[in-house]
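# Observations on the three-dimensional arrangement
If you want the building blocks of each chain, they are given just below.
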Amino acid sequence: MIATFAERKATILALAMLFASGSALAQSTPAEPPARTQIWHQPPPRPGSDSSWLPQPILHTAGEVLEFTPESLRVDSGEPGASEAERRREDSLELIASERVVWIEPGWTTTSARQGMEAFEAGRYGESIPLLLEAVRDRPPVWQQQWLTGHMALAAAEAGRYPAALELIAQLSRSRPPTPMLCLLPIRWTARAADASAVAAARSQLDAAEPEVRLVAASWMLGSTGDRTAAERTLRELSSDDAHPWLARLADCVLWRRTAVPQIEAAAAGWLKKIDQLPISLQGGPLLCAADRLAAAGQGERARELALAAALLHRHPRPIAEEARAAAQLPSRSPSP
């Protein structure tokens with residue numbers, strides 16, 4: 001048993017209960033108007049206290065997102081229609097560091113957005129793309145456009161539309177997405193090779209201006225023998241990019257795929273420490289990567305343990321969650337008809 005994972009079991013189980021049936025927590029609280037956004041987040045650390053050995057509670061806030069940037073999310077959790085004076089009196093404005101946001105479910109106001117996200121969550125990726133694009137064209141708030149664009153990029157990758165996926169990632173990158181949206185990048189986390197068309201699309205974008213594009217492209221090329229050297233070089237460059245610290249850490253995690261089998265078991269403890277230093281919203285892919293490598297080293301039980309953690313912690317986004325469920329030998333979520 002890896003100690004860091006054992007210490008976090010209570011947090012993992014708590015999150016599993018929250019996400020067990022979609023918006024489980026939202027369903028357990030009084031009904032909210034459709035447009036109110038649901039946010040799950042960690043509390044801020046207490047100054048001067050060292051309680052890292054205790055599981056952190058996951059908080060829930062529902063309200064109107066006023067701003068969502070790479071640094072913070074500002075939300076008004078007051079009652080809809082309340083005056084500014086009432087909101088000040090009730091202290092309903094809340095500022096949450098983006099790194100503490102675990103997951104967010106926007107309160108969509110258009111049919112295209114609702115139907116597009118429903119199709120995405122059901123695994124109908126090709127069907128979701130035109131609906132999500134229509135929702136972006138309706139010009140919702142910038143952070144919702146980013147959320148929709150990230151899901152379009154992931155859907156395009158899952159549907160085999162690789163050039164389109166990379167272009168959407170470039171658009172997302174140029175808009176400076178909030179930290180939790182980096183979990184929507186269609187990074188290849190396991191040794192399963194990308195198909196030839198994905199590698200070809202990635203090869204043409206390996207020198208793209210946007211670091212998110214280079215990260216995804218390199219992850220697609222890493223399993224291709226003829227492209228491996230260039231992919232590794234790009235990932236190592238990204239992993240030392242101080243201007244994009246979270247992308248740098250994700251690039252370092254992707255490089256775990258190149259760890260030689262005899263070295264995997266010894267490296268795993270260090271991997272887990274690095275995962276613990278990531279925001280929860282970004283831990284799913286690295287957990288899946290570590291599980292995949294441990295499985296390759298014959299550490300089946302430890303691999304399933306980490307895959308289970310990824311599956312329980314990260315019901316979203318669906319592609320990573322489904323791959324983690326398969327690695328943990330859990331049944332796939334049944335797609336909607």
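So, here is what we can say about the structure in this document.

Reading guide: rules and limits
- Residues numbered from 1 in each chain as written.
- Predicted model: local features only at pLDDT ≥ 70, side-chain atom pairs only at ≥ 80, totals over all residues.
- Heavy atoms only, no water.
- Helix = DSSP H or I, 4+ residues; strand = E, 2+ residues; numbered from the N terminus.
- Expected span 1.5 Å × (residues − 1).
- Buried < 20%, exposed > 50% of the residue type's maximum accessible area, 1.4 Å probe, protein only.
- Contact = heavy atoms within 4.5 Å.
- Pairing = 2+ DSSP bridges.
- Axes fitted to C-alpha atoms, helices over the stretch in contact; angles between N-to-C directions.
- Polar contact = N/O pair within 3.5 Å; in protein donor to acceptor, adjacent residues only side chain to side chain.

Let's shift gears to helix 14 (residues 284–296). The end-to-end C-alpha distance of helix 14 is 19 Å, a good match for the 18 Å that 13 residues give at a rise of 1.5 Å each. Where burial is concerned, most of helix 14 is hidden: 10 out of the 13 residues are buried. In this structure, the buried side of helix 14 is in contact with helix 12 (245–254), helix 13 (261–276), helix 15 (300–313) and helix 16 (318–327). Gly298 lies just past helix 14 and shows a positive phi near 80 degrees.

A word on the sheet that holds strand 3 (residues 72–76). Sheet architecture is open: five strands sit in the order 4-3-2-1-5, paired in antiparallel fashion. Each edge of the sheet is formed by a strand with only one pairing partner; in this case those strands are strand 4 (93–97) and strand 5 (101–105). Along the sheet, successive strands turn relative to each other by an average axial angle of 45 degrees, direction set aside. When strand 1 (residues 37–41) meets strand 5, the two strands line up antiparallel, connected through four bridges.

Let's shift gears to the side chain of Gln146. You can see Gln146 is positioned in helix 7 (residues 142–158). Under the relative-accessibility criterion, Gln146 is labelled buried at 5%. A polar contact is formed between the side chain of Gln146 and the backbone oxygen of Arg176, at a distance of 3.4 Å. With residues up to four places along the chain from it excluded, the contact list for Gln146 reads Phe68, Leu172, Ser175, Arg176, Pro177, Pro178 and Met181.

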